[in-house]
Amino acid sequence: MTTTSTAPLLEVRELGVDFDIERGHLHAVRGVSFTLHARDRLGIVGESGCGKSTVVLAMMGLLPPNAEVSGQVLLNGVDILAGGDSSMRPHRWCDISMVFQGAMNAFNPVRTVGDQIAEPIRMHRKASRRDADDRVAELLDMVGIPAARAARYPHEFSGGMRQRAALAMALACGPKVLLADEPTTALDVIVQAEILQLLRRLSDDLGVALVFISHDLPAVAQVTERVAVMYAGRVIEEAPVARLLTTPRHPYTAALLAAIPRPRAAATVRSIPGEPPRLDTPVIGCAFAPRCPSVADICRITEPTNTFDSDGAVACHRAMPAGLPQ
Amino acid sequence: MNAPLLELVDLTVNYPLRGAGIPGRSGRPVVHAVEGVSLTLDPGQIVALVGESGCGKSTVARAIVGLQPATSGQVIFDGTDLTGLRAGALRPYRRAIQLVHQDPYDALDPRMTVRAIVEEGLRIHRVPRGDRDAIVHGALERVGLTPADWVLGRFPHELSGGQRQRVAIASAIALTPRLLVADEPVSMLDVSVRASVLGLIEDLRRDGLAVLLITHDLAGAVTLADRIAVMYFGRIVEEGPVGEVMDFPAHPYTRALLSAIPSPDPAVRTVPDVVPGELPDAVHPPAGCAFTSRCPVAEPRCGEHVPPLRELGSGHRAACVLPVPR
């Protein structure tokens, strides 16, 4: 994926987000960069508060007014952040779309599901009611819901079906990039596995580039080819998913992997001691240093910059060498 | 063998359907939430009750702690059937059985300090005022919130999710219960924190506390529990020692749950072993096995009557009429 010569569909460059809060500034996201081509699938993982949702909300231009966004989001080479909301609006939902965390619970209970999926089509594509209805039937079919269910209300859908409908709504205007924020988190395992399969299939069939946000590494591994691990607002490691899971280079990635329960493994699950740092004070040194098992003196003084290898990047003074199994 | 600490005998809970039928008349429609659940839990044992949302597992928890009256059947704790007891007689059992809720963000009163939250139960159960401080300190330190003085004056919003869940567990164990009913204690927490809260539950068991762990997370349950009971549509469909159930899952639903756990190996695609289908209607339950609609191996006879739990040896039981693949 990294060696594709065609121009990228989406390029995020040095994205930063600061929130203006009562006590000063909160540095939620710092220097996040990644590139997506059509059909690429990138996972962003990390603990609550690491900034992963803020990244995708910034890409959609949906952050509250007290957020200061820096950096660029280039869609087909054009920076959609440059001109504020007016430059973003033509792209939102039509080119870049999003499934929100808890989207399955965000349907209006007194309107039919089909009516709600049709709304973005009528708003953005200026489609007639009949055309919109046809498109809704097509979308529902795509996500595995019988088209006749369009006339039903949200309470008549199971959780998994509401999540499928939320996906249909996000795809309504035919976006090229889909941002999915924890799309399976509140779901039962079987439904979760079905939605993960569906995400994979939709991105293959429609050629949509996918950014999949989750704190659940195994779920991400099931869908994406690459994973970026975020900690305290920064991407601290990025690599192909298989590499990341077998030979993590950053101690935080290794710690996240050790926290995954594996039903048939004898290894005990280990949690990561301590808490992520506060983001309202500048971080000195590496943000993970206070919790890091392989911390050295330099880690407390200098913040590590990204070092790149053939297929990824890591920001750690004590990074495991690339390509060596542990 | 010791007498069981908790014994559920044919526990059935129906919820009357609001606004339907005539109150007090027979034939008023009810939701069959829990049907004939029998389960035993020995002192110091961890039993996991696993199932999808809506399967009735939380209703079982509510019936055990007395928040939901049983329609029929018995909840026998330490030899006494709690279902027939009046409030006064029930009081010591309410102390001996403590519930930890799913959502540490909702379960704690935002206007109470940690000290007040943990002390509340002690006040209600008339623990002498002079003893309370030491008990509160002890409970907070037991759950790893050290130094306790640091956390005593804090409000829930000042704590992280993991810390809040620890406060909730502290307020439960402050009453020196013999049974902890933990309803999805980690599903709202980050993966990195889950392991430490599950580890805490394991530690408490070493002190002799019995735990009924209610969860939809089979992978997490397996790492902790001694026995596992799988619920589907209000009934236990399989129950047995964790190793037995994991190695020889006898019910197709258990196999479906196991097949749906996302593999952390991206080369292994997780494909849930179910046919697309819906849960039956809980107001008009089907005559046969409720899993028939999603079961990949269902036969016509599965729809005839509800299969009883059969003994498979080694304390392993399953409710399926089909032969067990070994």
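Here is what the cut-offs are and how they apply
Residues take numbers from 1 onward in each chain, read along the sequence in its written order. The naming scheme follows written order: chains are lettered A onward, ligands numbered 1 onward. Given that this is a predicted model, residues contribute local features only at a pLDDT of at least 70 and side-chain atom pairs are listed and counted only at 80 or more, while totals for whole chains, interfaces and linings are drawn from all residues. Here a strand is any run of E in DSSP of at least two residues, a helix any run of H or I of at least four, and the numbering for each starts at the N terminus. What the globule rule says is 2.2 Å times the number of residues to the power 0.38, and the radius of gyration is computed from C-alpha atoms. Exposure classification rests on a simple neighbour count of other C-beta atoms within 10 Å of a residue's own: a residue reaching 20 or more is buried, one at 12 or fewer is exposed, and one in between is partly exposed. C-beta atoms are placed from the backbone. Contact between two residues is assigned whenever their backbone-derived C-beta positions fall within 7 Å. By definition here, a helix of n residues has an expected span of 1.5 Å times n minus one. Strands were regarded as paired on the criterion that DSSP finds at least two bridges between them. Lines fitted to the C-alpha atoms define the axes, with helices restricted to the stretch that makes contact. Angles between their N-to-C directions range from 0 to 180 degrees. Charged residues are taken to be Asp, Glu, Lys and Arg, nonpolar residues to be Ala, Val, Leu, Ile, Met, Phe, Trp, Tyr, Cys and Pro, and polar residues to be all remaining types, Gly included. What we call a nonpolar core is a set of buried Ala, Val, Leu, Ile, Met, Phe, Trp, Tyr and Cys residues whose membership is set by joining through C-beta atoms within 7 Å. Here the bounds of each domain stem from an automatic or database domain assignment. In this scheme, roughly parallel covers angles under 35 degrees and roughly antiparallel covers those over 145, while 65 to 115 is roughly perpendicular and the rest are oblique. Crossing handedness is defined as follows: a turn of the near helix away from the far one that is anticlockwise and smaller than a right angle gives a left-handed crossing, while the clockwise case is right-handed.

A. Just the overall build of chain B, in detail. A tally of regular secondary structure across chain B gives 10 helices and 12 strands. The C-alpha radius of gyration of chain B comes to 21 Å, within 12% of the 20 Å expected for a compact globule of 326 residues. Taking the principal axes of its C-alpha atoms as reference, chain B extends roughly 65 × 60 × 45 Å. Across the 326 residues that make up chain B, the buried fraction comes to 48%.

B. Geometry of the overall build of chain A. On a plain count of helices and strands, chain A comes out with nine helices and 12 strands. Whereas a compact globule of 326 residues would reach a radius of gyration of roughly 20 Å, chain A reaches 20 Å, a difference of no more than 12%. On the principal axes, the C-alpha backbone points of chain A span a range of 65 × 50 × 45 Å. Put simply, chain A has 326 residues, and 49% of those count as buried. Within chain A, contacts between residues at least 6 apart in sequence are counted, and of these 64% link residues at least 24 apart.

C. View of helix α6 (residues 161–173) of chain B. Residues and elements named next belong to chain B. For α6, built from 13 residues, the straight-helix expectation of 18 Å at 1.5 Å per residue is met to within 8% by its first-to-last C-alpha distance of 18 Å. For α6, a buried count of 12 out of 13 residues is recorded, marking the element as mostly surrounded by other parts of the structure. Along α6, the residues classified as buried are G162, Q163, R164, Q165, R166, V167, A168, I169, A170, S171, A172 and I173.

D. Structural view of the sheet that holds strand β11 (residues 310–311) of chain B. Residues and elements named next belong to chain B. Pairing is mixed across the open sheet formed by eight strands, whose spatial order is β6-β7-β8-β3-β9-β10-β12-β11. Edge strands, defined here as strands with exactly one partner in the open sheet, are β6 (97–100) and β11. Here two bridges tie strand β10 (residues 235–241) to strand β12 (residues 317–318), and the two strands are oriented antiparallel to one another. Bridge assignment links E238 to a residue of β12, and that residue is A318. Against the sheet, helix α10 (residues 252–260) engages β9 (227–232) and β10, with an angle of about 105 degrees to β9.

E. Layout of the interface of chain B and chain A. With 35 residues of chain B at the interface, the matching set in chain A holds 34 residues. Mapped by element, the contributors of at least two residues to the side of chain B that touches chain A are α7 (191–206), α8 (218–224) and α10 of chain B. Sort the elements by how many residues they give to the side of chain B that touches chain A and α7(B) lands first, with seven residues. Across the side of chain B that touches chain A, the residue classes break down as 18 nonpolar, 11 polar and six charged.

F. Molecular detail of the nonpolar core. Ranked by size, the top nonpolar core spans 207 residues in total, and within it A168(A), L179(A), V229(A), A170(B), L213(B) and V230(B) carry the most contacts. Each of domain 1 (6–225) and domain 2 (252–326) of chain B contributes no fewer than three residues to this core. Not counting the four nearest positions on each side in its chain, L213(B) is found in contact with I46(B), V47(B), A48(B), A182(B), A221(B), L224(B) and A225(B).

G. Structural view of the sheet that holds strand β5 (residues 78–79) of chain A. Residues and elements named next belong to chain A. In spatial order, the strands read β2-β1-β4-β5; together these four strands make up an open sheet with antiparallel pairing. Two strands close off the open sheet at either side, each with one partner strand: β2 (24–36) and β5. Pairing between strand β1 (residues 10–21) and β2: nine bridges, direction antiparallel. Residue L15 lies in a different strand from β2, and its bridge partner there is V32.

H. Geometry of the pairing of strand β3 (residues 41–45) of chain A. Residues and elements named next belong to chain A. Of all five residues in β3, five are buried; the element is thus mostly enclosed. What you see with β3 is no split at all: R41, G43 and V45 on one side and L42 and I44 on the other are buried throughout. With five bridges connecting them, β3 and strand β8 (residues 209–214) associate as parallel partners. Residue pairing across strands places L42 opposite V211, the latter belonging to β8. Of the pairings in the sheet, the one linking β3 to strand β9 (residues 226–231) comprises four bridges and is parallel in character. Bridge pairing links G43 to V227 in β9.

I. Spotlight on helix α3 (residues 113–124) of chain A. All names here are of chain A. Those residues of α3 that fall on the buried side of the exposure criterion are V113, G114, Q116, I117, A118, P120 and I121. Where α3 is buried, its residues contact α4 (129–142) and α5 (159–170). In the segment just after α3, K126 is the residue with positive phi, at about 50 degrees.

J. The arrangement of the domain arrangement of chain B in detail. All names here are of chain B. Splitting chain B by domain gives domain 1 (6–225) and domain 2 (252–326). Of note, the centres of domain 1 and domain 2, computed from C-alpha atoms alone, are 28 Å apart. Residue-level contacts link eight residues of domain 1 with seven residues of domain 2. Only β2 (30–41) and α8 provide two or more residues apiece to the side of domain 1 that touches domain 2. Taken together, the residues that form the side of domain 1 that touches domain 2 break down as six nonpolar, two polar and no charged.

K. Broad picture of the environment of R122(A). All names here are of chain A. With respect to the element layout, R122 can be found in helix α3. R122 gets classed as partly exposed once you count the C-beta atoms within 10 Å, which come to 16. As a C-alpha pair, R122 and C173 span 51 residues in sequence and 9.4 Å in three-dimensional space.

L. View of the environment of T246(A). You can see T246(A) is positioned in helix α8 (residues 241–246). With 11 residues separating them in the primary sequence, T246(A) and L257(A) have C-alpha atoms 9.3 Å apart.

M. Region of interest: the packing of helix α3 (residues 114–124) of chain B against helix α4 (residues 129–142) of chain B. All names here are of chain B. Two elements in contact, α3 and α4, have axes whose closest approach is 10 Å; the angle formed by their N-to-C orientations is 120 degrees. Looking at the two axes, α3 sits oblique to α4. In the packing of α3 onto α4, the handedness of the crossing is right-handed. Along the contact surface, α3 presents R115, V118, E119 and L122, while α4 presents R132, I135, V136, A139 and L140. Residues of the contact of α3 with α4, tallied by class, amount to six nonpolar, no polar and three charged.

N. Structural view of the environment of R132(B). All names here are of chain B. With respect to the element layout, R132 can be found in helix α4. For the pair formed by R132 and V118, sequence separation is 14 residues and the distance between their alpha carbons is 9.4 Å. When residues no more than four places from it in sequence are discounted, the contact partners of R132 are E119, L122 and V127.

O. Geometry of unusual backbone geometry. Here the amide bond leading from T146(B) into P147(B) is cis, since omega sits at -10 degrees, within 30 degrees of zero. In this fold, P147(B) is placed in the loop between α4 and α5 (148–152). Phi is positive for E182(A), close to 50 degrees, though the residue is something other than glycine. Note on placement: E182(A) falls in the loop between β7 (177–181) and α6 (189–206).

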